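Topology and contacts: notes
One letter stands for each residue in the lines below.
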Protein chains: 2
Amino acid sequence: MVTKTTENTKCPVAATLELIGGRWKTPILYCLAFGTKRFGEIAVRIPNISRKVLTEQLKDLEKDGLISRKQYKEIPPRVEYSLTDLGKSLSPIFDEIAAWGNQNILAKP
Amino acid sequence: MVTKTTENTKCPVAATLELIGGRWKTPILYCLAFGTKRFGEIAVRIPNISRKVLTEQLKDLEKDGLISRKQYKEIPPRVEYSLTDLGKSLSPIFDEIAAWGNQNILAKP
DNA sequence: TGTTTTAGTTACCATTTGGTTACCGCTTTT
DNA sequence: AAAAGCGGTAACCAAATGGTAACTAAAACA
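What this report covers is the structure whose coordinates are included nearby. From a predicted model like this one, the values you see are computed outputs, not experimental measurements.

1. Some thoughts on the pairing of strand 2 (residues 67-72) of chain B
Residues and elements named next belong to chain B. Sheet topology places strand 2 next to strand 3 (residues 78-83); 6 bridges connect them, and they run antiparallel. Across the sheet, Tyr72 pairs through a bridge with Arg78, a residue of strand 3. Hairpin connection from strand 2 to strand 3: 5 residues lie between these consecutive antiparallel strands.

Here's what the structure looks like:
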């Protein structure tokens, strides 16, 4: 009854966390919250992420409609990522989580 | 700069998601939000979780101060779990996530 | 006497996730 | 002629996560 009801309907919390959960999704969304970025810029701002995993996560986020990808037919290639309206609509969640984290984790003596 | 700053200070969002992220943490917390439960009761309400994993996750949550464990010296054993005040303080986050999930995932045509 | 009941633990295995390295295509720069 | 710059992909690996089955202890019950 928590992750699924008997009718196979998912819990809204579990369903949402499937989209934004995982090691890298939130860092990426947070990074794009400051504006459109190129692939390489994201990679620089998120230390330790491998290019392969970054590619995968960006694909996931795009598939879920949270970010959009714009590719320019240039050489060398240029690809820009940005939040969609749906992606932007997540911000109250992040605000709430950030507030909790600041109060309860980071503000520890 | 997202998960860590150069001074090794964590992002509040990433830090919080480390506590409540993962496949089972939120189902467990949500389950306990309805009141104190015994180990077996939780297991019944969360289908598909194995007892081993449930034990592990409960230990994690207890270590992080989100739930408390009360063991009675009885035979057969009885152990009760409940949310701590810190655990209860997460509810605005879950409300926000649930609202988003209902609007944007579950309410799809 | 033997089975049941509860909340685990142990040992082992499968799946998922993330990571490393090398490489590509195509134009501009050196 | 060669290397740089960009946004990837392919092949291969390692680690984390999750799962199963069998086992435990002590009392209650039939």
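2. A few points about the interface of chain B and chain A
Counting from both sides, the interface comprises 34 residues of chain B and, opposite them, 34 residues of chain A. Together chain B and chain A conceal approximately 3,100 Å² of surface at their shared face, both sides included; 79% is due to carbon and sulfur atoms. When residues of the side of chain B that touches chain A are traced back to their parent elements, those giving at least two are helix 1 (12-20), helix 2 (25-32) and helix 6 (91-106) of chain B. The element contributing the most residues to the side of chain B that touches chain A is helix 6 of chain B, with 12 residues. The class makeup of the residues in the side of chain B that touches chain A is 23 nonpolar, 7 polar and 4 charged.

3. With respect to helix 1 (residues 12-20) of chain A
Counted residue by residue, helix 1 of chain A has 8 buried out of 9 residues, so it is predominantly covered. Listed as buried for helix 1 of chain A are Pro12, Val13, Ala14, Ala15, Thr16, Leu17, Leu19 and Ile20 of chain A. If you follow the buried residues of helix 1 of chain A, they end up packed against helix 2 (25-32), helix 4 (51-63) and helix 6 (91-106) of chain A together with helix 2 and helix 6 of chain B. Backbone geometry just after helix 1 of chain A places Gly22 of chain A at a positive phi near 90°.

4. Overview of the packing of helix 2 of chain B against helix 4 (residues 51-63) of chain B
Residues and elements named next belong to chain B. It is at 10 Å that the axes of helix 2 and helix 4 come closest, and there the two elements cross at 75°. Between helix 2 and helix 4, the interaxial angle falls into the category roughly perpendicular. Here helix 2 contributes Lys25, Ile28 and Leu29 to the contact with helix 4, which in turn contributes Leu54, Gln57, Leu58, Asp60 and Leu61. Considering only residue class, the contact of helix 2 with helix 4 consists of 5 nonpolar, 1 polar and 2 charged.

5. Some details on the sheet that holds strand 1 (residues 37-38) of chain A
Residue and element names in this part refer to chain A. If you walk across this open sheet you meet the 3 strands as 1-3-2, and the pairing is antiparallel. Only two strands of the sheet have a single neighbouring strand rather than two, namely strand 1 and strand 2 (67-72). Pairing of strand 1 with strand 3 (residues 78-83), which is carried by 2 bridges, proceeds in the antiparallel orientation. Counted as the bridge partner of Lys37 is Tyr81 from strand 3. Relative to the sheet, helix 2 contacts strand 1, strand 2 and strand 3, its axis offset from that of strand 3 by approximately 95°.

6. Observations regarding the relation of the copies chain B and chain A
Once turned by 180° and shifted 0.1 Å along the axis, chain B lies on chain A with an RMSD of 0.1 Å. Taken together, these values place the two copies in the relation of a two-fold axis.

7. Notes on the protein's contact with DNA strand C
The full set close to DNA strand C counts 21 residues, and Lys52 and Ile75 of chain A together with Arg69, Pro77 and Tyr81 of chain B are the nearest of them. Sugar and phosphate atoms constitute 72% of the interface atoms of DNA strand C, taking the interface as everything within 4 Å of the protein. At a separation of 3.0 Å, a phosphate oxygen of DNA strand C approaches a polar side-chain atom of Arg38 of chain B. Between DNA strand C and Arg69 of chain B, the relevant distance is 2.5 Å, taken from a phosphate oxygen to a side-chain nitrogen or oxygen of the residue. Those elements giving two or more residues to the surface near DNA strand C turn out to be helix 4 of chain A together with helix 3 (39-45), helix 4 and strand 3 of chain B. Among the elements that line the surface near DNA strand C, the one with the most residues is helix 4 of chain B, at 4 residues. Partitioned by chemical class, the residues of the surface near DNA strand C number 9 nonpolar, 5 polar and 7 charged.

8. Side note on the environment of Ile93 of chain A
Structurally, Ile93 of chain A can be placed in helix 6. Excluding its chain neighbours within four sequence positions, the residues that come into contact with Ile93 of chain A are Thr16 of chain A together with Glu96, Ile97 and Trp100 of chain B.

Definitions and cut-offs
Each chain carries its own residue numbering, running from 1 in the direction its sequence is written. As they are written, the chains are lettered A onward and the ligands numbered 1 onward, keeping that order. Thresholds applied to this predicted model are a pLDDT of at least 70 for local features of residues and 80 or more for the giving and counting of side-chain atom pairs; totals over whole chains, interfaces and linings are not thresholded and use all residues. Computation of side-chain values covers all heavy atoms of the structure but excludes hydrogens and water. DSSP calls a pair of strands paired once it identifies at least 2 bridges connecting them. Helix and strand labels come from DSSP, where a helix needs a run of H or I of at least four residues and a strand needs a run of E of at least two; each type is numbered from the N terminus. Contacts were defined at the residue level, with two residues in contact if any of their heavy atoms lie within 4.5 Å. Buried area: the sum, over both parts, of the accessible surface (1.4 Å probe) that disappears when the two are put together. In this classification, Asp, Glu, Lys and Arg are treated as charged, Ala, Val, Leu, Ile, Met, Phe, Trp, Tyr, Cys and Pro as nonpolar, and every other residue, Gly included, as polar. Burial classification: accessible surface area is computed with a 1.4 Å probe over protein chains only, and a residue below 20% of its type maximum counts as buried, one above 50% as exposed, and the rest as partly exposed. Only the contacting stretch of a helix is used when fitting its axis, a line to C-alpha atoms as for every element, and angles between N-to-C directions run 0 to 180 degrees. Oblique is the label for every angle not falling under 35 degrees (roughly parallel), over 145 degrees (roughly antiparallel), or within 65 to 115 degrees (roughly perpendicular). Least squares is used to superpose the copies, and the fit set is the C-alpha atoms of residues whose pLDDT is at least 70 in both copies. One heavy atom within 4 Å of a molecule or strand is enough for the residue carrying it to be called near that molecule or strand. Residues adjacent in sequence count toward polar contacts only when both atoms are side-chain atoms; beyond that, a polar contact is any pair of N or O atoms within 3.5 Å, and within protein one must be able to donate a hydrogen and the other to accept it.

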